[in-house]
Amino acid sequence: MQELDYLESNRDRHIEELRAFLSIPSVSTRSEHAGDVQAAADFVVQQLRAAGLEAVEKHSTPGHPVVTGHTKPVAGAPTVLIYGHYDVQPAEPLELWKTPPFVPDLRDGKLYARGAADDKGQVFIYLKVLEAFHQVRGGCPVNVKVLIEGEEEIGSPNLVPFLKAHKKELACDVVLVSDTHMMGYDTPSITVGLRGLTSVEVTVQGASGDLHSGTYGGSVANPIQVLCEMLVACKNPRTGKILIPGFYDDVRRLSAQDRRKLAEAPHDDEKFRSATGAPALFGEKGFSTIERIGARPTFEVNGIWGGYMGEGLKTVLPSQAHAKISMRLVPDQDPQSIAKATEAFLKEIAPPHVNVTVTRERNQGDAIWVDADFPAMQVARDAVRKVFGTAPHLTLEGGSIPIVANFKKVLRRDTILLGFGLPDDRLHAPNEKFDLRMLDRGMKTVAHLLNDLATA
Ligand code: BES
Ligand code: MN
Ligand code: MN
């Protein structure tokens, strides 16, 4: 394929363009960055136009814009919808970055910047492959529709309505998403499952204001202590089982065959443990690490606060305690019902000496398991094999991309999760990077895939 030569000979320019994309601090959760989020959308618009796409548009929403466009129609060829996101997570804590998060730094063949792997670097793969097809053969061999959003990192609140409103324009045969990772540079994989997500915030209120812990201590409950007790009641500390009534009711069970297949993937618990830095692994009893991450739900306290946290001692009996809790879900758990069950349980176990309020957050999404054998998936598995030299493993990942379940629900189409990140890319953390060898292989794989889909 001549496109592969084109990509190689334009590599330096492409990397400069990727640096420009990564220099835009498009942090979707921070209102002070709203202008930067717009600038990142404009960058995508301009790139898509340069790649020869038609009807390229930046659609405003109540939040950040959605960018769409499509290639020149090819009669009789299948239609692929490509989804990605140009927004990024906040870069804090800044002091832990070796080089500033929005000044991309190339070290040892890896580009370091916030969003390098999640997801700008991976979106960039498509921008350049489309450019290559446009430059080399005047158009793409299949019909490509592009949908790039700016709110993935805040749960895509405006994309579901957008999808429903533009159902006809976005009609396709298959969806293609590169926003996950492979097992390793020499251990290619395609993701066939993502977890869902739901979250709540809980406040425990004791006295109406902070009290002297000597004058009142022993006579009034301590809300921080009560909150901890309530959290323990939600998850068994020994077995890791979640104790919220009904929590596991809809969990799709793994068949013996599913478990055998998962166990085939190369995984080493000790290596995995050492990469995390934890002194030992811990998870739900009766399941392997791979199963705990890919196929079992979790209950995770993301943050907890209250009382005095400054220097030295303060003998205070605090009036409030707070916790943020998120739960990763698996098919067929319903995020809304799980959040409601959690709220109900927390209120039920609240002792009479405190008041408990629970708010359900809007960051929600269904888990998804994708069929590994439909025709376009076969083409993708083949494309990976051609470029990586070995057939991809099929993995269940623990992260969430909330919109993917909606591609099935609204568009009635399956998604191929063809990610090119690596497990040590440090998504959402300081010193996020994207390995440029994965950029190269990603471009090659996508070029083969789009080419081969035309004749599949
Ligand atoms: N790209 C990630 C999801 C991901 C990461 C999937 C690694 C598989 C492996 C995505 O950008 C993300 O961070 N999603 C959030 C969703 C949330 C903000 C609604 C997540 O998983 O926490
Ligand atoms: Mn992402
Ligand atoms: Mn992310």
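Not measured: the values here are computed from a predicted model.

Some details on the coordination of the manganese ion (ligand 3)
Here is step 1: For the manganese ion (ligand 3), the full set of protein donor atoms is Asp 118 (OD), Glu 153 (OE), Glu 153 (OE) and His 428 (NE2), at a range of 2.1 to 2.5 Å.
Here is step 2: Here the manganese ion (ligand 3) binds six donor atoms, and the angle range of 56 to 156° at the metal identifies the geometry as irregular.
Here is step 3: In primary-sequence terms, the residues that donate to the manganese ion (ligand 3) follow D-x34-E-x274-H.
Here is step 4: Taken as an interatomic distance, the gap from the manganese ion (ligand 3) to the manganese ion (ligand 2) is 3.6 Å; Asp 118 donates to each of them. Separated by 275 residues along the polypeptide, Glu 153 in the loop between strand S6 (143-149) and helix H5 (159-165) and His 428 in the loop between strand S17 (415-417) and strand S18 (433-435) bring together distant segments of the chain.

A word on empty space enclosed by the protein
Gaps left between atoms are located by rolling a probe of water-molecule size over the structure's atoms.
Here is step 1: Summed over the entire model, instances satisfying the criterion amount to two cavities of 30 Å³ or more.
Here is step 2: Its volume calculated, the largest cavity comes out at about 60 Å³.
Here is step 3: Lining the largest cavity we find Ala 51, Gly 52, Leu 53, Thr 71, Lys 72, Leu 130, His 134, Gly 138, Gly 139 and Cys 140.
Here is step 4: Within this model, the second largest cavity holds a volume of roughly 30 Å³.
Here is step 5: Along its surface, the second largest cavity is lined by Leu 48, Ile 82, Val 123, Tyr 126, Leu 127, Leu 130, Val 146 and Ile 148.
Here is step 6: The set of elements that each furnish at least two residues to the lining of the second largest cavity consists of helix H4 (116-137) and S6.
Here is step 7: No other element matches H4, which puts four residues into the lining of the second largest cavity.

Some points on unusual backbone geometry
Here is step 1: Backbone torsion omega between Glu 92 and Pro 93 reads 0°, so that peptide bond is classified as cis.
Here is step 2: Checked against the element boundaries, Pro 93 lands in the loop between strand S3 (79-85) and strand S4 (105-107).
Here is step 3: In the segment running from Pro 331 into Asp 332, the intervening peptide bond is cis, with an omega of 0°.
Here is step 4: Among the secondary structure elements, Asp 332 is positioned in the loop between strand S13 (320-329) and helix H10 (335-349).
Here is step 5: Even without glycine at this site, Asp 108 takes up a positive phi of about 55°.
Here is step 6: Along the polypeptide, Asp 108 turns up in the loop between S4 and strand S5 (110-112).
Here is step 7: Residue Asp 108 is classed as exposed on the basis of its relative accessible area, which comes to 71%.
Here is step 8: A positive phi angle, near 60°, is found at Arg 426, a position not held by glycine.

Thoughts on helix H13 (residues 436-453)
Each turn of an α-helix holds 3.6 residues, which means side chains three or four residues apart point in the same direction.
Here is step 1: Along its 18 residues, H13 runs 25 Å from first to last C-alpha, staying within 8% of the 26 Å computed at 1.5 Å per residue.
Here is step 2: Counting buried residues along H13, 15 of its 18 residues qualify, which places the element largely inside the surrounding structure.
Here is step 3: Where H13 begins, the capping side chain belongs to Asp 435, and its oxygen is found 2.9 Å from the backbone nitrogen of Arg 437.

Looking at the sheet that holds S13
Here is step 1: In spatial order, the strands read S11-S13-S9-S14; together these four strands make up an open sheet with antiparallel pairing. Among the strands making up the open sheet, the edge pair consists of strand S11 (300-306) and strand S14 (355-360). Averaged over all neighbouring strand pairs, the angle between strand axes comes to 15°, with direction disregarded.
Here is step 2: Sheet topology places S11 next to S13; six bridges connect them, and they run antiparallel. Each residue of the ladder has a partner; that of Glu 300, found in S13, is Ser 326.
Here is step 3: Packed on one face of the sheet, helix H6 (residues 223-234) meets strand S9 (196-205), S11, S13 and S14 and runs near 20° to S13.
Here is step 4: Sheet contacts for H10: S9, S13 and S14; angle to S14, the most-contacted strand, approximately 175°.

Things to note about the pairing of strand S1 (residues 54-59)
Where a strand is regular, its side chains alternate between the two sheet faces.
Here is step 1: Across four bridges, S1 lies against strand S2 (residues 66-70) in antiparallel orientation. Within S2, the position partnered with His 59 by the bridge is Val 66.
Here is step 2: In this structure, the hairpin formed by S1 and S2 is closed by a connection of six residues.

Structural notes on the sheet that holds S4
Here is step 1: Pairing is antiparallel in the open sheet, where three strands are placed in the order S4-S5-S18. The open sheet has two edge strands with one neighbour each: S4 and S18. The mean angle between the axes of side-by-side strands here comes to 25°, regardless of whether they run parallel or antiparallel.
Here is step 2: Strand contacts of H4: S5 and S18, with the helix running at about 40° to S18, the strand carrying the most contacts.
Here is step 3: The strands touched by H13 are S4, S5 and S18; relative to S18, the strand with the most contacts, the crossing angle is about 55°.

The rules behind these values
Residues numbered from 1 in each chain as written. Chains lettered and ligands numbered in written order. Predicted model: local features only at pLDDT ≥ 70, side-chain atom pairs only at ≥ 80, totals over all residues. Heavy atoms only, no water. Donors = N, O, S within 2.8 Å, 3.2 Å for Na, K, Ca; no water. Tetrahedral: all angles 85-135°; square planar, octahedral: opposite > 155°, others 65-115°. Helix = DSSP H or I, 4+ residues; strand = E, 2+ residues; numbered from the N terminus. 1 Å grid on protein atoms, 1.4 Å probe; cavity = no way out; pocket = protein on both sides within 12 Å on 5 of 7 lines; lining within 4 Å. Points joined across faces, edges and corners; volume = space filled by probe spheres on them. Buried < 20%, exposed > 50% of the residue type's maximum accessible area, 1.4 Å probe, protein only. Expected span 1.5 Å × (residues − 1). Polar contact = N/O pair within 3.5 Å; in protein donor to acceptor, adjacent residues only side chain to side chain. Pairing = 2+ DSSP bridges. Axes fitted to C-alpha atoms, helices over the stretch in contact; angles between N-to-C directions. Contact = heavy atoms within 4.5 Å.

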